[in-house]
Amino acid sequence: MKKAIVVSGCPGTGKTKVAKLISKKRGCEYVGTKNVINEFGLVEGYDKKMKSFIVDTDKLSKVLVGLIKKSTKTLVIDGHLSHYVPRKYVKLCIITKCDIKILKKRLERRGYSKSKVRDNLDAEIFDTCHVEALEFGHKIKVIDTSKGIRPSSLAL
Ligand SMILES: Nc1ncnc2c1ncn2[C@@H]1O[C@H](COP(=O)(O)OP(=O)(O)O)[C@@H](O)[C@H]1O
Ligand SMILES: [Mg+2]
């Protein structure tokens with residue numbers, strides 16, 4: 001088993017971009033948690049207020065651990081719940097961050113409602129994913145994508 005690299009962070013902070021760049025650069029296998037959630041039917045409901053799907057994080061974590069154990073390659077797992085994978089299966093947890101004003105523009109460009117933009121900005125301000133990743137005991141590297149991604153920041 002090869003330990004995975006997980007890429008977490010609030011929506012719009014650049015996870016997918018960073019995860020795909022790292023996979024390509026290091027010959028790792030890219031895994032999008034959204035695809036995993038759909039493929040394994042892990043959606044449990046819909047939160048109308050948050051306008052987002054409810055996912056059982058325990059089940060997701062178990063499925064991801066299964067994929068990590070099975071794969072011969074290092075997986076790069078992209079998603080704001082990817083830090084729920086237990087520490088012993090993760091060699092590095094990358095947290096993407098973004099300046100609030102720039103993040104606001106990125107989220108508005110996605111067509112998110114005012115309240116969804118607000119909620120996601122709050123999550124970034126409170127550093128939610130980073131704090132949770134710390135609680136999981138991960139080794140963490142923060143990458144700020146506000147002004148583009150410097151190749152040197154991808155040297156892990
Ligand atoms: N380093 C960057 N410089 C400029 N724009 C970026 C950068 N990283 C991401 N973006 C843009 O921000 C948006 C969100 O990036 P994405 O990787 O999809 O974030 P996430 O997967 O965290 O939601 C995309 O439109 C993307 O093109
Ligand atoms: Mg993404």
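To keep things clear, this report deals only with the structure shown in the data block. Just so we're clear, the structure is a prediction, and the values are computed from it rather than from any experiment.

It is worth spelling out helix H5 (residues 114–125) at this point. For an α-helix, the turn length of 3.6 residues means that residues three or four places apart are oriented alike. Here H5 is 12 residues long and its end C-alpha atoms lie 16 Å apart, about the 16 Å a rise of 1.5 Å per residue gives. Lys116, Val117, Asn120, Leu121 and Glu124 are the residues of H5 that are buried. Along the axis of H5, the buried positions cluster into a sector of 135 degrees, meaning they face one direction only. On the buried face of H5, the contacting elements are strand E4 (52–55), strand E6 (90–97) and helix H4 (100–109). Where H5 ends, the next residue or the one after it, Asp127, has phi of about 60 degrees, a positive value.

All right, on to the packing of aromatic side chains then. A complete count under the given rule lists 2 aromatic pairs for this structure. Residues Tyr46 and Phe53 carry aromatic rings whose centres are separated by 5.2 Å and whose planes lie at 65 degrees to one another, so their mutual orientation is edge-to-face. Both rings, one in Tyr84 and one in Phe136, keep their centres 5.1 Å apart while their planes meet at 65 degrees; by these two values the pair is edge-to-face. Linking Tyr84 in the loop between strand E5 (75–78) and E6 with Phe136 in the loop between helix H6 (128–135) and strand E7 (140–144), this pair joins segments that are 52 residues apart in sequence.

Once that is clear, we can look at the layout of surface pockets. Within this model, the largest pocket holds a volume of roughly 1300 Å³. Pro11, Lys15, Lys34, His80 and Tyr112 are, among the 43 residues lining the largest pocket, the residues nearest its centre. Elements with a contribution of two residues or more to the lining of the largest pocket: helix H1 (15–26), strand E2 (29–32), helix H2 (33–39), strand E3 (43–47), E4, H4, H5 and H6. Here the lining of the largest pocket gets 5 residues from one element, more than from any other, and that element is H2. Looking at the lining of the largest pocket, its residues break down into 15 nonpolar, 16 polar and 12 charged.

Core analysis: the largest hydrophobic core is formed by 24 residues, its most contacted members being Leu60, Leu64 and Ile77. Residue assignment for this core shows that the elements contributing at least two residues are strand E1 (4–8), H2, helix H3 (57–70), E5, E6 and H6. Top contributing element to this core by residue count: H3, with 6 residues. Every residue in contact with Ile77, bar those within four places of it in the chain, is listed here: Ala4, Ile5, Val6, Val7, Val31, Thr33, Leu64, Ile68 and Ser82. Membership of the second largest hydrophobic core comes to 11 residues, among which are Val7, Ala19, Ile22 and Ile94.

Thresholds applied
Residues numbered from 1 in each chain as written. Chains lettered and ligands numbered in written order. Predicted model: local features only at pLDDT ≥ 70, side-chain atom pairs only at ≥ 80, totals over all residues. Heavy atoms only, no water. Helix = DSSP H or I, 4+ residues; strand = E, 2+ residues; numbered from the N terminus. Expected span 1.5 Å × (residues − 1). Buried < 20%, exposed > 50% of the residue type's maximum accessible area, 1.4 Å probe, protein only. Arc of directions from axis to C-beta. Contact = heavy atoms within 4.5 Å. Phe/Tyr/Trp six-rings, centres within 6.5 Å; stacked < 30°, edge-to-face > 60°. 1 Å grid on protein atoms, 1.4 Å probe; cavity = no way out; pocket = protein on both sides within 12 Å on 5 of 7 lines; lining within 4 Å. Points joined across faces, edges and corners; volume = space filled by probe spheres on them. Nonpolar A, V, L, I, M, F, W, Y, C, P; charged D, E, K, R; others polar. Core = buried A, V, L, I, M, F, W, Y, C linked by side-chain atoms within 4.5 Å.

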